Amino acid sequence: MKLNFKNILGMMGIAAFLTSCNYDNYDEPSYQLDGRIVYQGEPIGVSYNDVYIELWESGWQRLGNIGVAVDQDGSYSSLLFKGDYKMIIPNNQGPFQKITNDQTGNDTIPVNLTGSRTMDIEVMPYYMIRNVSINGGSDQVSATFDLDQIITGDDARNIQEVSLYVSKTSFVDIRTSIATTNRGGGDLESMTGISLGVDVPERVPTQNYAYARVGVRIEGVEDMIFSEIVKVDL
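Residues numbered from 1 in each chain as written. Predicted model: local features only at pLDDT ≥ 70, side-chain atom pairs only at ≥ 80, totals over all residues. Heavy atoms only, no water.

- Identification of the chain as DUF3823 domain-containing protein from Algoriphagus machipongonensis is taken from an unreviewed UniProt entry.

What follows is the structure, encoded as structure tokens:
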């Protein structure tokens, strides 16, 4: 049978229609995968929308990966279809090193999703921020904290600077800060009892509270590690 050009276009149209129908017939993803980036169960605080993980679904005709942003408190969440996924933290993401997975022998984490589940991702941070105390009052915010160096030896990194950020909203990092103070890593006499303080300028419109947290920048590492966000009176 000889097919002319109109026949071919017609068949292509039918095929495209059927393909479209097939895609339209898929239900919305309904399984929630969530968890936190942690070190020994403690969440790793990061800046908003700067750190992400990748999910690659096996056997699915998907081009590319599913990018999942890590929230400020180290948590992540995504709605997915049932299936087997490979979870990857891309290189140079986060203030930490990845840990080799026992099952894969590398840093790829297998995820078998047969229902909603919570799965924390264990990593090795360069430092942890401990014993944080942040207080406000009289248009000032102050913080004291300790630093715990986790990675030592050949992979150790120095502290570039420590910072205190104060924001009008609960999104707290250098992009939103209305009052910031920094100390260089070389100026720290000790890893314990580190103190920072900053005057907060007048807020327009008037706001008698703010949000604050401490951040630590590590030499050669793009993403900072942060403490929890604290609401303070001014």
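Structure shown, so let's carry the discussion forward.
### Remarks on the overall build of the chain
Now for step 1: When you go through the chain residue by residue, the secondary structure sums to one helix and 19 strands.
Now for step 2: Counting all 234 residues of the chain, 38% fall into the buried class.
Now for step 3: Expressed as a percentage of contacts within the chain between residues at least 6 apart in sequence, the contacts between residues at least 24 apart total 67%.
Now for step 4: Per element, the accessible surface of the chain, about 13,400 Å² overall, is 47% carbon and sulfur. (Helix = DSSP H or I, 4+ residues; strand = E, 2+ residues; numbered from the N terminus. Buried < 20%, exposed > 50% of the residue type's maximum accessible area, 1.4 Å probe, protein only. Contact = heavy atoms within 4.5 Å. Areas by Shrake-Rupley, 256 points an atom, 1.4 Å probe, with all protein chains shown as cover.)

### Details of the environment of aspartate 173
Now for step 1: Take aspartate 173: it is sitting in the loop between strand S14 (159–167) and strand S15 (177–184).
Now for step 2: For aspartate 173, a relative accessible area of 3% translates into the label buried.
Now for step 3: Separated by 42 residues in the primary sequence, aspartate 173 and glycine 215 place their C-alpha atoms 7.9 Å from one another.
Now for step 4: With residues near it in sequence (within four places) discarded, aspartate 173 still touches Ser47, Tyr48, Tyr165, Ser167 and Phe226.

### Some details on the pattern of salt bridges
Now for step 1: Applying the stated rule across the entire model yields nine salt bridges.
Now for step 2: The shortest N-O distance in the salt bridge between arginine 36 and aspartate 120 comes to 3.1 Å. Here arginine 36 is found in strand S1 (residues 31–39), whereas its partner aspartate 120 is found in the loop between strand S9 (117–118) and strand S10 (121–122), with 84 residues between them in sequence.
Now for step 3: Exposure remark for aspartate 120: the relative accessible area of 36% places this residue in the partly exposed category.
Now for step 4: Counted as one network, the salt bridges with shared partners bring together Glu42, Arg130 and Asp148. (Salt bridge = Lys/Arg side-chain N within 4 Å of Asp/Glu carboxyl O.)

### Examining the sheet that holds strand S3 (residues 52–57)
Now for step 1: The strand order across the open sheet built from four strands is S4-S3-S6-S8, with neighbouring strands paired in antiparallel fashion. Looking at strand neighbours, the two that pair on one side only are strand S4 (66–69) and strand S8 (109–113), the edges of this open sheet. Averaged over all pairs of adjacent strands, the angle between strand axes in this sheet comes to 30°, irrespective of strand direction.
Now for step 2: Taken together, the five bridges between strand S6 (residues 83–88) and S8 define a ladder with antiparallel strand orientation. Note on S8: the bridge partner recorded for glycine 83 is leucine 113. (Pairing = 2+ DSSP bridges. Axes fitted to C-alpha atoms, helices over the stretch in contact; angles between N-to-C directions.)

### Details of the nonpolar core
Now for step 1: Counting 53 residues, the largest nonpolar core has Met87 and Val141 as the members making the most contacts within it.
Now for step 2: The biggest single contributor to this core is strand S17 (residues 209–218), with five residues.
Now for step 3: Judged by nonpolar contacts, the second largest core, of five residues, contains Tyr165, Val172, Tyr211 and Phe226. (Core = buried A, V, L, I, M, F, W, Y, C linked by side-chain atoms within 4.5 Å.)

### Here's the deal with the environment of serine 190
Now for step 1: On the secondary structure map, serine 190 appears in the loop between S15 and strand S16 (194–199).
Now for step 2: With a relative accessible area of 33%, serine 190 lands in the partly exposed category.
Now for step 3: Sequence-wise, serine 190 and leucine 147 are 43 residues apart; in three dimensions their C-alpha atoms are separated by 8.9 Å.
Now for step 4: Side-chain polar atoms of serine 190 contact the backbone nitrogen of threonine 192, separated by 3.1 Å. (Polar contact = N/O pair within 3.5 Å; in protein donor to acceptor, adjacent residues only side chain to side chain.)

### Here we look at the side chain of serine 47
Now for step 1: By the element assignment, serine 47 lies in the loop between strand S2 (42–43) and S3.
Now for step 2: Engagement of the side chain of serine 47 in a polar contact is seen with the side chain of aspartate 50, the distance being 2.7 Å.
Now for step 3: Those residues within four positions of serine 47 in sequence are excluded, and the remaining contacts are Val70, Asp173, Arg175, Arg213 and Phe226.

### Overview of the pairing of strand S12 (residues 127–137)
The side chains of a regular strand alternate, residue by residue, between the two faces of the sheet.
Now for step 1: Looking at chain direction, S12 and strand S13 (residues 140–149) are connected through nine bridges and run antiparallel. When the bridges of S13 are listed, serine 133 appears paired with threonine 144.

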